[in-house]
Amino acid sequence: MIITLATIGLWIAVAVLAVYTARHYFFTLNRLFGRHRQPYVDIVAGEWPTVAVFVPAHNESAVIRDSLDSLLATDYPRDRLVIVPVDDRSSDDTREILLDYAAREPYRVRPHLRDGGQPGKAAALREAMELHQADIFLVFDADYIPGPRLLRQLAAPFFDPEVGAVMGRVVPLNVGSSLLTRLLDLERAGGYQVDQQARMNLGLVPQYGGTVGGVRRSALRQVGGWRVDSLAEDTDITYRLLMAGWEVVYQNRSECYEEVPETWDVRIKQIQRWARGHNQVLRNYLGRLVRNPIRLPQRQVIDGVLLLGVFVVPLVLIMGWICAIVLFFTGVRPQWGPMAVLAVSSFNTVGNFAAFFQVAAASRLDGSRERIRVLPFMLLGFLVSTFAVARASSSRSSWMQQKDVAWDKTTRYRTANGNGNGNGHGNGNGHGKAS
Amino acid sequence: MAAARNTPPGVDAALTDASRRGAAASAQRRQGVQGGRIAPHRSMIGLRASPSLLLDLIVLPAILLVTVFVLLEPLMEAWRAVMETLRGPLDLGTAINTVVVDLAPSVAVAVPVYNVEGMWPSNAQMIGSWVFTIVLAVVGATLRGGYVPLGYLLRALAIMQLASNVWFMLAEPPFPYALTVYGSGLLVTGVVILLLAPFLVGATFFVFDFPLHKKLGLSALLLGHLAVLFPLQATVHVWLIKNFSMIAMPMLFLIFGVLLDVFVYVALYGWAMSWRSGRELDATVRRPPVPSRRMRRVSSTA
């Protein structure tokens, strides 16, 4: 009985991992050799829509000045842009900073100050957005530093009436701070440069990542606005827009810099939060996506399901390891002798290697030649992620409806005078999720 | 074709001229004021599939595979010589045996193998294994800061060893695997990996626009490294199991077996991917503004 269960478990794990391995290879080859679909990147002139840029902030005094300065320096038409920093119960001097900017730029900076209501990024965004009538709502986290042309680039896809959301690329700023930041730089490169762009090329499901991107106000209203009970409001809105027939667009050319976690504790907390939020979305929308009531193309359904499952894969992987250990101790011999050895060896070599191939290809495309040398250390990153995500994915909070969603903010490393310990330079990189 | 027949005289030539001018203009758009090449943005860069790439993907791995096949027999002799040299000093049996393994119909390989028996763990070895497990777990749990990933690795090893301890406490001899079979299995897997390696390199490295000598260079590095590693890896495994009993086998097999071999490739691959290709892949790497030969040619024809 145990042997049968372990055998079935092992084959399921191998099958699931084989599917994701094939996905890695396919996306990487598409990104390398496929036709790049970047249909909106050449739009530089037009009747630009009105844009409201929301910057949710909770105790962000160390970084928010840089972000607001950068937003004010963008080349988006002044009469069509309003910047809405949303202060949600900060206990530092974030609020004073916002009021200072509002006094200096009263027409362009209109802070939204919260002292009550449900805490959390989604609730803050929902409340603030209900007070604004701009055509397009863009969102930047408070530590992000947009370049001068970024807002136009992100607004351009919305000239297409089918586009409901747009996502730009997130590039780590503090790459050289630690081994972890270097590994995250490689991971982000694989996630954005290859994964997101391949999905865009293939007409699959590029993911809106909650920052360096935005949504069309009418689309957001149509799908019911932000879910305040969601830990991953970005993934949640991606799927609701998808299932309402809206396009989500990824713009690889539209880069914005961010701080990535510099310590493993912060990283573990971050990825566990993503895992719990993502799994909630899986629970909420998997059934409807598979039933496919609006007849989405099959390729989008398959990609959507695979994307929903990414944070369950570590659980499957650990199940596979346990089954392999059980079978090893029970002395079960392969049924087909050398062919089984060949199959297992093939999977172990080529299969295990797929993610490294994707990351190396992405970094190489980025011109980050020498950074690829830390590739073997990604094993350590995978190990930590696997156990951290498995723990989050097996927790009750990963699958149950959330009642209280609070701010779970990633630690910032820059200091208020603008100096951080990051020494990144403008050739960094990006993973399907931002901070 | 019908459209071509109806084309008025002179239009073909005009189209050709326009096409040439278009190509020249396109080339000039990528040329900097000092004659250097304006690098495309990294979001736009990609590679081109070409017949020569197809050859690289099919012919090179095939040549490497045939080479490995041809060298298998001398390689097995070399492995035997290495193992024979190490056998005496490490006290690994009285002779090196041979196991003939059929890899495929009419393809057999004579793999050398140590003739050593692994023992069921004694009480002292069981206690030693428990102490080892506890040390792994405690050290793994106490590592902080930048050592957190190492802590995760140690804890994973501790769980693996814990499973072994529990199994050997509850089970009765014999262990399902004889040490001779285990040792030969490692080397047979090594042979299979050597045969697969050309395809692995083909699928993951030959797809890029590296020059031929760099593609062959990584292949030679990988095959050479693995060819040296496998008999040494098998020797270390057999020596550890002989001296610390069969309780060491599960961790060695599951963690320090094929997984280790894969990471040899990951390490070499990471290094090789940092080499310059001299072609499209280097386009986003910052370079001094020196006009390329191709660019000079296009400029002069324009």
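The structure under discussion appears in the preceding block.
We now turn to the structure provided with this report. (Residues numbered from 1 in each chain as written. Chains lettered and ligands numbered in written order. Predicted model: local features only at pLDDT ≥ 70, side-chain atom pairs only at ≥ 80, totals over all residues.)

### A closer look at the overall build of chain B
So, step 1. Broken down by element type, chain B carries ten helices and two strands.
So, step 2. Beginning at the N terminus, the succession of helices and strands in chain B can be written as α-α-α-β-β-α-α-α-α-α-α-α.
So, step 3. A globule of 302 residues ought to have a C-alpha radius of gyration of about 19 Å, yet chain B, at 29 Å, is considerably larger.
So, step 4. When its C-alpha atoms are laid out on the principal axes, chain B stretches across 95 × 55 × 40 Å.
So, step 5. The buried share of chain B, reckoned over its 302 residues, is 30%.
So, step 6. Within chain B, contacts between residues separated by at least 24 positions form 74% of all contacts whose residues are at least 6 apart in sequence. (Helix = DSSP H or I, 4+ residues; strand = E, 2+ residues; numbered from the N terminus. Rg over C-alpha atoms; globule rule 2.2 N^0.38 Å. Buried ≥ 20, exposed ≤ 12 C-beta atoms within 10 Å, placed from the backbone. Contact = placed C-beta atoms within 7 Å.)

### Quick word on the overall build of chain A
So, step 1. Along chain A, the regular secondary structure elements total 13 helices and eight strands.
So, step 2. Within chain A, the proportion of its 435 residues that are buried is 51%.

### Overview of the interface of chain A and chain B
So, step 1. If you look at the interface, chain A gives 42 residues, while chain B gives 46 residues.
So, step 2. Contributions of two or more residues to the side of chain A that touches chain B are made by α1 (2-33), β8 (247-258), α11 (313-330), α12 (338-365) and α13 (378-393) of chain A.
So, step 3. The leading source of residues in the side of chain A that touches chain B is α12 of chain A, at 15 residues.
So, step 4. Here the residues of the side of chain A that touches chain B are counted per class, giving 25 nonpolar, eleven polar and six charged. (Nonpolar A, V, L, I, M, F, W, Y, C, P; charged D, E, K, R; others polar.)

### Describing the nonpolar core
Within soluble globular proteins, side chains that are nonpolar tend to cluster in buried spots.
So, step 1. Val53 and Phe54 of chain A are the most contacted members of the largest nonpolar core, which totals 167 residues.
So, step 2. It is helix α6 (residues 179-204) of chain B that contributes the most residues to this core, 13 residues altogether.
So, step 3. If sequence neighbours within four positions are ignored, valine 53 of chain A has contacts with Leu71, Ile83, Val84, Leu138 and Phe140 of chain A. (Core = buried A, V, L, I, M, F, W, Y, C linked by C-beta atoms within 7 Å.)

### What to know about the pairing of strand β2 (residues 81-88) of chain A
All names here are of chain A.
So, step 1. Where burial is concerned, most of β2 is hidden: seven out of the eight residues are buried.
So, step 2. Tracing the backbone out of strand β1 (residues 51-57), into helix α2 (residues 64-72) and back to the parallel element β2 gives a crossover that is right-handed.
So, step 3. For β2 and strand β3 (residues 112-114), the ladder comprises three bridges, and the chain directions are parallel. Paired with aspartate 88 across the strands is arginine 114, a residue of β3.
So, step 4. Read from β2 through helix α3 (residues 94-104) to β3, the crossover connection turns out right-handed. (Right-handed = clockwise from strand over helix to strand, strands pointing away. Pairing = 2+ DSSP bridges.)

### Side note on the environment of aspartate 185 of chain A
Residue and element names in this part refer to chain A.
So, step 1. Along the chain, aspartate 185 turns up in helix α6 (residues 179-201).
So, step 2. Residue aspartate 185 is classed as buried on the basis of its 26 C-beta neighbours within 10 Å.
So, step 3. Expressed as a C-alpha distance, the spacing of aspartate 185 and arginine 371, which sit 186 residues apart in the sequence, is 8.9 Å.

### Considerations on unusual backbone geometry
So, step 1. Note that the residue after proline 173 of chain B, namely proline 174 of chain B, is joined by a cis bond; omega there is 5 degrees.
So, step 2. Positionally, proline 174 of chain B belongs in the loop between α5 (148-170) and α6.

### Some remarks on the packing of α11 of chain A against α13 of chain A
All names here are of chain A.
So, step 1. Close contact between α11 and α13 brings their axes to 8 Å; oriented N to C, the two are set at 105 degrees. The pairing of α11 with α13 is recorded here as roughly perpendicular in orientation. Together, Pro314, Leu315, Leu317 and Ile318 of α11 and Thr386, Val389, Ala390 and Ser393 of α13 make up the contact between the two elements.
So, step 2. Among the residues forming the contact of α11 with α13, the class breakdown is six nonpolar, two polar and no charged. (Axes fitted to C-alpha atoms, helices over the stretch in contact; angles between N-to-C directions. Parallel < 35°, antiparallel > 145°, perpendicular 65-115°, else oblique.)

### Considerations on the sheet that holds β1 of chain A
Within a sheet, adjacent strands bond to each other through the backbone by hydrogen bonds, running parallel or antiparallel.
All names here are of chain A.
So, step 1. Taken in spatial order, the eight strands line up as β3-β2-β1-β4-β7-β6-β8-β5 in an open sheet, and their pairing is mixed. Of all the strands in the sheet, the pair left with one neighbour each is β3 and β5 (145-146).
So, step 2. One ladder, built from three bridges, connects strand β6 (residues 163-172) with strand β7 (residues 213-216); its direction is antiparallel. Looking at the pairing, methionine 167 lines up with glycine 213 of β7.
So, step 3. In this fold α3 packs onto β1, β2 and β3, with an angle of close to 160 degrees to the strand it touches most, β2.

### Quick word on helix α9 (residues 258-272) of chain B
So, step 1. Given a rise of 1.5 Å per residue, 15 residues ought to cover 21 Å, and the 21 Å separating the end C-alpha atoms of α9 of chain B matches this to within 8%.
So, step 2. Within α9 of chain B, burial applies to Val258, Asp261, Val262, Tyr265, Tyr269, Gly270 and Ala272 of chain B. (Expected span 1.5 Å × (residues − 1).)

### Thoughts on the environment of phenylalanine 159 of chain A
Residues and elements named next belong to chain A.
So, step 1. Among the structural elements, phenylalanine 159 can be located in the loop between α5 (150-155) and β6.
So, step 2. The exposure class assigned to phenylalanine 159 is partly exposed, which follows from the 13 C-beta atoms found within 10 Å.
So, step 3. Expressed as a C-alpha distance, the spacing of phenylalanine 159 and arginine 149, which sit ten residues apart in the sequence, is 17 Å.
So, step 4. In contact with phenylalanine 159, other than residues within four places in its own chain, are Ile43 and Gly46.

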